[in-house]
Amino acid sequence: MRISLVWKQYDVLVVGSGGAGSNAAETASEMGASVLVVTKDPLSASDTKISEGIATVRASGSEDDTEDTLSENLLLAGGDLPDANITSAFARDSQMAYDKVRANGLRPKISAITKNPDPLPLPMGGHTKRRSIGHKNSGVAFGHANWNSIVKDTKIDYKEDCWLVDIITGNNKDDTKSIVGALIYDAQRGELLAVVCASIVVASGGLSTIYFPKTDTMRGNTGDSYAIAARAGAELVDMEQIQFLPFCLTSPPAFEGLLGGEPVTASYLGVLRDKNKKVILDGVYLRTRAECSAAIMKAVEDGRGTKNGGAYLDMTANKKAPKSGVYFMNFLKGSLPSAYNNVRQAMSKSEAQCEDLWEVRPSAHYMMGGIRVDENCRSIGGSEGLKNNGILGLFAAGQAMGGLFGANRLGSTSLTEGAVFGQRAGKNAAHHARNISGMNPLNKKLFMEKAKKVNSLIGQKGHLHASRIKLSVQKKCWENLGPIRDEVRLNKTKLFISKTRKKLKNVKISNSTKWNQGLIEYLELENMIDTAELMAIAALERNGSLGGHVRADCPNISLFSKPYSTIVRFVNNGVNVARLPRQQTEFKKLIKFKFEEQKKFLGAKILRLMPMILKDRVLEKRYKKIMNIQKPSITVQPGSVEAAFGDRKIL
Amino acid sequence: MTKKETRDRQYLNVTIVTHSEGKDMPVNFKYKKRHDREKPMALDVLLQAQETKLPDLAFRYGCRARNCGVCTIDINGLPRIACRSVVRENDKLKAMSTLPVITDLVVRRDQISRQLRGKIYRNSGGNDLNVDASEDYHELTSCIECYACLHNCPMHQKNSIDQSESNESYEYGNPFSLLKLQTIVMDPVSSNSQKNDAITQAVNLGLDTCLNCPGCKCGIGIDLKGKVVDPLITASKKIADEQF
Ligand SMILES: Cc1cc2nc3c(=O)[nH]c(=O)nc-3n(C[C@H](O)[C@H](O)[C@H](O)COP(=O)(O)OP(=O)(O)OC[C@H]3O[C@@H](n4cnc5c(N)ncnc54)[C@H](O)[C@@H]3O)c2cc1C
Ligand code: SF4
Ligand code: SF4
Ligand code: FES
């Protein structure tokens, strides 16, 4: 054995120190549990820290924003795939959870009138109420609060530069599994940690790095949450549902993949064009992200893509309008300051001024599926009415969990997701650990076996390098498992994965124990492969386009058809896939939702076809209205898609 | 143009100082530009080096957008945020000199946060949260924790920056730790005793060193002298006066 094995014992192990992890750790510790937090990045460096920092807090904009309203918004946006118990829990806890983050130093602007935090002037896309609160310094402000919540408490132990390698489970008498502990590679000290614990909270984020550099997220999102939980026997839900942001930058390399704009910032007259400048999508500001991404990728597929495999976002008409053009530029700069900052640095002056077209391409942003849990973040499994075969003592929160968003995630909901479910997971993990003490000495063997496997990798001979194989996986995932899919490509992905798996034994890994980058790359590569396989199989099962999953070879799945989620899990030598029926929203509400959607597209079309003078006048009024809005609160009809600002006027 | 000139325009020569088992090893690396006018960032160079010549090169990065604060390295001896620092011909990329190196460009960071363990935001619940924070508070919380400010800080230099495992938390402070403490002083939600506590912590970390120091420099432009160090010195003097 080359890396020494160090034993540790805690009640609760929390993996990750983003929003979900730090909230879980703080809450579990407050409940009296002994807690260890491990993170592969430095403390609190995470998607949470680099986010735009906009968070959903129910009833922050108007008192009539009930729990049902918020929960319903999530369900409708998610195509009825979300678990209604989970959306209800989100709606119930959002205020309380947000205040807990505030107690650690998050300071929103306080309204002089309501004496409460002030949400943005208009509801964000898909929200029917104003309830999205922005923060100075964006996600960095959340980063500080999360850092504080862990550092302030001497009862919480934490270790940076630690990679969770595998979760270790034992078998119960009734054939179910329980958490025994976890094996962790401590790169900083060059040790393997054998953490014996009754509860584990997986809060280790998403998988977008499998599409690098076509992503705007942190490097560490290599699917660790999903792969590690699945290897331990957990079920995953909705793994085909990944959110791509359509308008991201294509060059230069330092900016590739970063956010440039959103459908809403394309504003009233923005359109998408192919390389021949032909319009491929209009009414962009009303479209969903998935629609925009699909339009771009279709053009690329037909050979009409731009140099860097994207399309052109044309906002010149907005800019050219004599009166409203000025407002448009202010609107663009003000609505997504950090995205516009990327554009300003990466593009030419005329492009940044919207006098020229922007070359854009989708980027992976968020995994809407994840570890299957109930509203208390407990791992669950099996069909309705049958025995629950989830893993006892396994909890998931934040991007790692599934069931809150289904097919589509509304803006500003993830930071709140981290707080709400981080706290729930922490509480329930502490509670679970309370009733369990010590370790069965027989389990020691399980740790030793896993440790032996890792140790056999140290000094492995070979001619391949994991960092390079990673690049090939990223390329293939983009091509075949990306924003547009079909059966042939998905099967190609499966084949590619099984071929890549065979290469692992020829990966060269050095002898060093401290920060062995080759070993780190290897462990992450393995997680990327496992995750991609599970995704490909879920994506084959859903043979129709829905939300973040676009199938070029099948029709759209209608809002009115019976909704189901996909479930995947590893079984001996393969992957098991199943469908989990979901509750459908009342027909009445669905029809209203569809109707509102259609009405808006018609409105956008009428506007576009108006003569310039008229159009300019209408637009000037609209911009004035949305940009000067103070009080009272504005609401729009249920079912608005992407940020439905101002369209009250024309309808 | 001669062949050599064309080639020179396509490449950029840099030195990457790798590190393993306590020893530095400089490696010359030719960065291949994507086009003549490309001005690559240090992170672009490291990523290409890992893709080509040095597959196991160790370095930290996260967001590629100057938000996460983990990619700081020394370029020609000065701390720079790698994802947003342009590299020039013959530049030398090396691990930060102010913290112990683990492997290649990766330094150990957590002795800094541990020096504040249990010393911030205790008992902050229960206070009225609905009060506006000042612009200064928000300036301080724009800190991305890149540790560029450790460079040339006489207080931080009093620590023994070694690799010993027992050195879990540094005795003496640094501009970042002072910033975290001053954040509590600036926080409108903090009680007076919490504020006094924070000021006392600053003194315990060696605030007196700042008296003879020209001041610190922040990697992203926070006014550390004006908004952190000077106010802490003034406040600590006041507390001292009150005690005598
Ligand atoms: C650019 C950008 C802007 C965004 N803007 C918003 C917004 O305005 N509003 C909003 O609501 N959402 C936004 N989001 C989404 C939101 O930020 C994330 O979904 C959310 O922060 C995820 O939180 P988390 O705690 O689940 O994971 P993260 O915050 O990503 O934390 C993951 C943690 O797990 C650790 N980790 C990972 N793997 C391992 C392992 N194997 N071992 C140990 N540790 C590990 C990491 O080091 C990290 O600490 C944005 C995302 C991005 C990328
Ligand atoms: S104060 Fe400035 S230099 Fe120091 S860590 Fe914060 S951002 Fe970096
Ligand atoms: S003023 Fe104080 S904290 Fe700043 S560099 Fe000098 S000694 Fe360090
Ligand atoms: S990679 Fe995040 S700051 Fe450089």
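Residues numbered from 1 in each chain as written. Chains lettered and ligands numbered in written order. Predicted model: local features only at pLDDT ≥ 70, side-chain atom pairs only at ≥ 80, totals over all residues. Heavy atoms only, no water.

Asker: Whenever I open this one, the environment of Asp128 of chain B confuses me. Can you help?
Answerer: All names here are of chain B. Counting through the fold element by element, Asp128 comes out in the loop between helix 3 (110–114) and helix 4 (135–140). Note: C-alpha distance between Asp128 and Pro188 (60 residues apart in sequence) is 9.4 Å. A polar atom in the side chain of Asp128 sits 3.0 Å from the backbone nitrogen of Asn130. (Helix = DSSP H or I, 4+ residues; strand = E, 2+ residues; numbered from the N terminus. Polar contact = N/O pair within 3.5 Å; in protein donor to acceptor, adjacent residues only side chain to side chain.)

Asker: Even after reading the chapter, I still don't get the packing of aromatic side chains, so can you show me in this structure?
Answerer: Two measures describe an aromatic ring pair: the distance that separates the ring centres and the angle between the ring planes. Scanning the model with the defined rule gives 13 aromatic pairs over all chains in all. Considering the side-chain rings of Tyr211 of chain A and Phe244 of chain A, the 5.3 Å spacing of their centres and the 70° angle between planes classify their relative orientation as edge-to-face. Remark: Phe244 of chain A occurs in strand 12 (residues 242–249) and Tyr211 of chain A occurs in the loop between strand 10 (199–202) and helix 6 (224–231); sequence separation between them is 33 residues. In terms of burial, Tyr211 of chain A and Phe244 of chain A fall into one category: buried. An aromatic cluster of three or more residues is present, and its members are Tyr268, Tyr285, Phe331 and Tyr623 of chain A. Geometry around Tyr564 of chain A places Arg542 of chain A over its ring, the cationic atom sitting 4.3 Å from the centre. The cationic tip of Arg84 of chain B hangs over the ring face of Phe255 of chain A; the distance from NZ or CZ to the ring centre is 4.0 Å. (Phe/Tyr/Trp six-rings, centres within 6.5 Å; stacked < 30°, edge-to-face > 60°. Buried < 20%, exposed > 50% of the residue type's maximum accessible area, 1.4 Å probe, protein only. Lys NZ or Arg CZ within 6 Å of the ring centre and 35° of its normal.)

Asker: Explain the interface of chain B and chain A here, please?
Answerer: Think of interface size as the accessible area that goes away when the parts come together; that is how it is often given. Taken together, the contact pairs 60 residues of chain B with 60 residues of chain A. In total, about 5,200 Å² of surface goes out of reach between chain B and chain A, with carbon and sulfur atoms giving 50% of it. At the boundary of chain B and chain A, one finds five salt bridges. Counting across the chain B and chain A interface gives 34 residue pairs in polar contact (both at pLDDT 80 or more). Of all the secondary-structure elements, those providing two or more residues to the side of chain B that touches chain A are helix 2 (42–51), strand 6 (101–103), helix 3, helix 4 and helix 6 (175–186) of chain B. (Contact = heavy atoms within 4.5 Å. Buried area = accessible area lost by both parts, 1.4 Å probe. Salt bridge = Lys/Arg side-chain N within 4 Å of Asp/Glu carboxyl O.)

Asker: Can you walk me through the domain arrangement of chain B in this structure?
Answerer: Residues and elements named next belong to chain B. The domains assigned to chain B are domain 1 (3–107) and domain 2 (110–243). Computed over C-alpha atoms only, the centres of domain 1 and domain 2 are separated by 31 Å. Listed by partner, the interface residues are 16 residues for domain 1 and 16 residues for domain 2. Each partner contributes to the roughly 1,200 Å² buried at the junction of domain 1 and domain 2, and carbon and sulfur atoms together form 63% of this total. Considering only the surface of domain 1 that becomes buried against domain 2, Thr98, Leu99 and Pro100 emerge as the three largest contributors, covering 41% of it. Summed over the shared surface of domain 1 and domain 2, the result is zero salt bridges. For the side of domain 1 that touches domain 2, the secondary structure elements donating two or more residues are strand 4 (78–81) and strand 6. Top element by residues in the side of domain 1 that touches domain 2 is strand 4. It accounts for three residues. Among the residues making up the side of domain 1 that touches domain 2, the classes are represented as nine nonpolar, six polar and one charged. (Domains from an automatic or database assignment. Nonpolar A, V, L, I, M, F, W, Y, C, P; charged D, E, K, R; others polar.)

Asker: Sorry if this is basic, but what is going on with the sheet that holds strand 12 of chain A here?
Answerer: Across a sheet, paired strands are connected by hydrogen bonds in the backbone, their directions being either parallel or antiparallel. All names here are of chain A. Read from one edge of the open sheet, five strands run 12-16-15-13-14, paired in antiparallel fashion. Every interior strand has two partners, whereas the edge strands, strand 12 and strand 14 (279–281), have only one. Adjacent strand axes in the sheet meet at a mean angle of 50°, parallel and antiparallel pairs treated alike. Direction of pairing for strand 13 (residues 271–273) relative to strand 14: antiparallel, over a ladder of two bridges. (Pairing = 2+ DSSP bridges. Axes fitted to C-alpha atoms, helices over the stretch in contact; angles between N-to-C directions.)

Asker: Please clarify how the site of ligand 2 should be interpreted in this entry.
Answerer: All names here are of chain B. Neighbouring ligand 2 are the residues Cys143, Ile144, Glu145, Cys146, Tyr147, Ala148, Cys149, Phe176, Cys218, Gly219, Ile220 and Leu224. Taking a 2 Å distance to the grid points as the criterion, the majority of the atoms of ligand 2 fall inside the largest cavity. Its residues placed into classes, the shell around ligand 2 shows 10 nonpolar, one polar and one charged. (Near = heavy atom within 4 Å. 1 Å grid on protein atoms, 1.4 Å probe; cavity = no way out; pocket = protein on both sides within 12 Å on 5 of 7 lines; lining within 4 Å. Sits in = over half its atoms within 2 Å of the grid points.)

Asker: Hey, could you run me through unusual backbone geometry in this one?
Answerer: For residues that are not glycine, phi is negative in most cases, and the peptide bond is trans in most cases. Residues and elements named next belong to chain A. In this chain, Phe212 is followed by Pro213 through a cis amide linkage whose omega measures 5°. Within the element layout of this structure, Pro213 appears in the loop between strand 10 and helix 6. Phi angles above zero are rare outside glycine, and Asn137 is one such case at about 65°. As for its placement among the helices and strands, Asn137 is situated in the loop between strand 5 (132–133) and helix 5 (138–151). What makes Asn137 partly exposed here is its relative accessible area of 24%. Its identity as a non-glycine residue notwithstanding, Asp161 has a phi of 60°, on the positive side. Residue Asp161 is classed as buried on the basis of its relative accessible area of 0%.

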